[in-house]
Amino acid sequence: MKGIIRFSNNLMERYLPDPFLFVIILTLVVFGLGLGLTGSSPVEMVAFWGEGFWALLAFSMQMVLVLVTGFVLASSPIFKKGLGKLASFAKSPGSAIIWVTLVSLAASWINWGFGLVIGALFAKELAKRVENVDYRLLIASAYSGFLIWHAGFSGSIPLSIATDGHPFVDRIGIIPTTETIFASYNLIIIAALVIILPLLNRLMMPKKEETVTVDPKVLVEPEVEEQPAKGDQTPAERLENSWILSMIIGVLGIAFIVYYFVQNGFALTLDLVNFMFLFLGILFHGTPRKYLIAVQEAVKGAGGIIVQFPFYAGIMGMMTASGLAAVISEAFVGISTTQTFPLFAFLSAGLVNFFVPSGGGQWAVQAPIMLEAAEMLGSDTAKVAMAVAWGDAWTNMIQPFWALPALAIAGLKAKDIMGFCLIVLFVSGVVIGLGLLFL
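Computed from a predicted structure; not experimentally measured.

*Asks:* Describe the packing of aromatic side chains, with residues and values.
*Replies:* Applying the stated criterion to the full structure yields 19 aromatic pairs. Between the aromatic rings of phenylalanine 168 and tryptophan 363, the centroid separation amounts to 6.1 Å while the plane-to-plane angle is 80°, which identifies the pairing as edge-to-face. Taken together, the positions of phenylalanine 168 in the loop between α9 (156-161) and α10 (169-172) and tryptophan 363 in helix α19 (residues 359-377) put the pair 195 residues apart, joining distant regions of the chain. The pair phenylalanine 168 / tryptophan 363 is uniform in exposure class, with both members buried. Note that lysine 383 overlies the ring of tyrosine 185, its terminal NZ or CZ placed 5.4 Å from the centroid.

*Asks:* Give a description of the environment of glutamate 13 that names residues and reports values.
*Replies:* Examined against the element boundaries, glutamate 13 turns out to sit in helix α1 (residues 2-15). With a relative accessible area of 33%, glutamate 13 lands in the partly exposed category. Measuring from C-alpha to C-alpha, the distance between glutamate 13 and phenylalanine 344 comes to 31 Å, with 331 residues separating the pair along the chain. Residues within four places of glutamate 13 in sequence aside, it is in contact with Arg136 and Lys415. Among the polar contacts listed, one links the side chain of glutamate 13 to the side chain of arginine 136, at a separation of 3.4 Å.

*Asks:* Account for the pattern of salt bridges, naming residues and giving values.
*Replies:* Scanning the model with the defined rule gives six salt bridges in all. The shortest N-O distance in the salt bridge between glutamate 125 and lysine 128 comes to 3.6 Å. With glutamate 125 and lysine 128 both in helix α7 (residues 112-129), this residue pair falls three residues apart, about one helical turn. Exposure remark for glutamate 125: the relative accessible area of 8% places this residue in the buried category. You can call lysine 128 partly exposed: its relative accessible area is 22%. Across the pair arginine 136 and aspartate 134 runs a salt bridge whose closest N-O atoms are separated by 2.8 Å. Across the pair, exposure class does not vary: arginine 136 and aspartate 134 are buried alike.

*Asks:* Requested: an account of α19, with residues and values cited.
*Replies:* At glutamine 366, α19 shows its maximal kink, close to 50°; a proline, proline 368, follows between one and four residues later. Looking at α19, one finds that the buried residues are Gly359, Gln362, Trp363, Val365, Gln366, Ala367, Ile369, Met370, Leu371, Ala373 and Ala374. Residues of α19 that are buried in the fold lie against α9, α10, α16 (303-321), α17 (324-333), α18 (341-353) and α20 (381-394). Within two residues after α19, glycine 378 carries a phi angle of roughly 75°, on the positive side.

*Asks:* Account for the nonpolar core, with residues named and values stated.
*Replies:* Grouped together as the largest cluster of nonpolar side chains are 143 residues, with contacts concentrated most on Leu126, Leu138, Tyr143, Leu193, Met319, Trp363 and Trp390. The biggest single contributor to this core is helix α22 (residues 414-438), with 13 residues. Look past the residues within four positions of leucine 193 in its chain and what remains in contact with it is Leu105, Leu147, Ile148, Pro198, Trp390, Ser428, Val431 and Ile432.

*Asks:* With reference to specific residues and values, describe the environment of lysine 208.
*Replies:* Among the secondary structure elements, lysine 208 is positioned in the loop between α11 (184-203) and α12 (235-240). The sequence separation of lysine 208 and glutamine 233 amounts to 25 residues, and the corresponding C-alpha distance is 53 Å.

*Asks:* Before we move on, can you summarise α22 with the specific residues and values?
*Replies:* Its 25 residues give α22 an end-to-end C-alpha distance of 34 Å, which sits within 8% of 36 Å, the value for a rise of 1.5 Å per residue. The largest bend in α22 comes to about 35°, at phenylalanine 420. Judged by how many residues are buried, α22 sits mostly within the fold: 19 of 25 residues are covered.

*Asks:* Account for the packing of helix α4 (residues 57-74) against helix α21 (residues 400-410), with residues named and values stated.
*Replies:* Relative orientation of the contacting elements α4 and α21 amounts to 25°, with a least axis distance of 10 Å. It follows that α4 is roughly parallel to α21 by the angle criterion. At the point where α4 passes α21, the crossing takes the right-handed sense. When α4 is examined against α21, the residues Phe59, Met63, Leu67 and Phe71 are found in contact with a partner set consisting of Phe401, Trp402, Pro405, Ala408 and Ile409. By residue class, the composition of the contact of α4 with α21 is nine nonpolar, no polar and no charged.

*Asks:* Run through a nonpolar patch on the surface, naming residues and quoting values.
*Replies:* A cluster of nonpolar side chains, Trp243, Ile244, Met247, Ile248 and Val251, forms an exposed patch at the surface whose accessible area comes to about 520 Å². Inspection of the secondary structure assignment puts valine 251 in helix α13 (residues 243-264). Under the relative-accessibility criterion, valine 251 is labelled partly exposed at 44%.

*Asks:* Pulling in residues and values, what's your account of the environment of threonine 395?
*Replies:* Looking at the element boundaries, threonine 395 is found in the loop between α20 and α21. Classification of threonine 395 by relative accessible area gives buried; the value is 4%. Threonine 395 sits 38 residues away from proline 357 along the chain, and the two C-alpha atoms are 9.3 Å apart. Each residue touching threonine 395, except ones within four places of it in the same chain, is listed here: Gly350, Asn353, Phe354 and Leu425. One polar contact links the side chain of threonine 395 to the main-chain carbonyl oxygen of glycine 350, over a distance of 2.8 Å.

*Asks:* A description of the packing of α7 against helix α8 (residues 135-144) should follow, citing residues and the corresponding values.
*Replies:* Direction vectors running N to C along α7 and α8 enclose 155°, while the axes themselves pass 8 Å from each other. By the angle between their axes, α7 is roughly antiparallel relative to α8. Viewed along their axes, α7 and α8 form a crossing whose handedness is right-handed. Between α7 and α8, the contacting residues are Leu116, Gly119, Ala120, Ala123, Lys124, Leu126 and Ala127 on the first element and Tyr135, Leu138, Ile139, Ala142 and Tyr143 on the second. Split into classes, the residues belonging to the contact of α7 with α8 amount to ten nonpolar, one polar and one charged.

Cut-offs and rules
- Sequence positions are assigned chain by chain, starting from 1 and proceeding in written order.
- Residue-level local features of this predicted model are given only where pLDDT is at least 70; pairs of side-chain atoms are given and counted only at 80 or more, and the full residue set underlies all totals for whole chains, interfaces and linings.
- As a rule here, side-chain values come from all non-hydrogen atoms in the structure, and water together with hydrogens is ignored.
- When the centres of two rings from Phe, Tyr and Trp lie within 6.5 Å, Trp using its six-membered ring, the rings pair. Their planes under 30 degrees apart give stacked, over 60 give edge-to-face, and anything left gives tilted.
- Secondary structure is summarised from DSSP: a helix means a run of H or I of at least four residues, a strand means a run of E of at least two, and numbering begins at the N terminus for each.
- Relative accessibility under 20% of the residue-type maximum defines a buried residue, over 50% an exposed one, and the middle range a partly exposed one, all with a 1.4 Å probe and only protein chains included.
- We count a charge as sitting over a ring when the NZ of a lysine or the CZ of an arginine lies within 6 Å of the ring centre and within 35 degrees of the ring normal.
- Only heavy atoms matter for contacts: two residues are in contact if any of them lie within 4.5 Å across the pair.
- Within 3.5 Å is the distance limit for a polar contact, defined as a pair of N or O atoms, with the added protein rule that one can donate a hydrogen and the other accept it, and that residues adjacent in sequence qualify only through two side-chain atoms.
- Think of a salt bridge as a Lys or Arg side-chain nitrogen and an Asp or Glu carboxyl oxygen that are within 4 Å of each other.
- Across the chain, bend at a residue is computed as the angle between axes fitted to the seven residues ending at that point and the seven starting from it.
- Here, nonpolar core refers to any group of buried Ala, Val, Leu, Ile, Met, Phe, Trp, Tyr and Cys residues whose side-chain atoms link them within 4.5 Å.
- A helix's residues, less one, multiplied by 1.5 Å, set its expected span.
- Between N-to-C directions, angles span 0 to 180 degrees; the directions come from axes that are lines fitted to C-alpha atoms, helices contributing only their stretch in contact.
- Angle categories are assigned with fixed cut-offs, so that under 35 degrees is roughly parallel, over 145 is roughly antiparallel, 65 to 115 is roughly perpendicular, and the rest are oblique.
- Helix crossings fall into two classes, left-handed where the near helix is turned counterclockwise from the far one by less than a right angle and right-handed where it is turned clockwise.
- Classification used: nonpolar for Ala, Val, Leu, Ile, Met, Phe, Trp, Tyr, Cys and Pro, charged for Asp, Glu, Lys and Arg, polar for all others including Gly.
- What goes into a patch is any residue over 30% in relative accessible area without a salt bridge, connected to like charges within 9 Å or, for nonpolar side chains (Val, Leu, Ile, Met, Phe, Trp, Tyr), within 5 Å.
- Each accessible area value is a Shrake-Rupley result obtained with a 1.4 Å probe; residue values ignore everything except the protein chains displayed when judging cover.

As far as function goes, none of this settles anything; it's purely spatial.
Below is the structure:
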């Protein structure tokens, strides 16, 4: 096992480019595949790319806010104390790896945005407290919990097909979450991963001489500079340091959150998660000035998201408009039987996810083909939908797109963790594939 991990880490550290170069390479690959497999002309592929370039602009801003508001909330005194208390249960490097995996799995099952941030923040807190724990593996373990998000409460595909008026309602009707998220086969796959992932991550711990640690002092947020005595402050400085203003606007935000839950139940959306993080951060930091200083520190890690997400939107534009995603999906359908179709739907979704890293966007592209094939083959439509959902989540393990917020919080590069994530990809692929094939 140690040899496999060493080989995987060396492979990724040597050959995996920076995420920005990775997305440029993907762009060129999709451009070439579009020309070769769909009959699209170079001019058409350029048009598809440019026209899709800004399709994820709103989503990009949401992801920036996930990173910034989550980081700011975690840097507040109350939240740091809570994370520290939870981290105190980890007494050794091995227990730290298991703890961070379990926390990330639980948080990601509740909401993907919540899990993505909480896992990385908890990993940083563990790194401050547990000696001799490999920081790369700690962050990789936190990211591995993200694997189950699409099978949980925020899964975009199962929630979409459970909603009245969804785009494919005329073909499949409304499929309740009892047949997708809470179906026995889905719960068994989740339970298996909850058991296997923490143990797998624990087994991947490198030898002591190969362990890469981090100085806890590097992870400590900078102290806020002391302000002049209240009597010496200008009116503007008094407002900046007023806890009353933070309390008023914070309570107003909490009031809306309560109102939302009363009206909609426990239906977390990405916008609501950001809203909660933002206003809890304002309350927990105490004054506007302390909050803004934390924001300034947080935005330093958002550059990768801002620059790279438009390129992924351009890739998605080429994949969908050229029909390349449909070509890939149809290739897997062509070799499927009634029994094997959920497995091949899972594998095809995993491949398409490299180029269309958006659950909702991927479903819009693949659903017409997958649903028609499910009808022809007599496969369970709900299970096929969940197979696509699992495939979308599965290859996120080696797709830097989703790792960017966690990497920004941790201060690491993609190649630092992808060696471990590659092992998670293979093992989880076997677990999920077997579950979809035989359950």
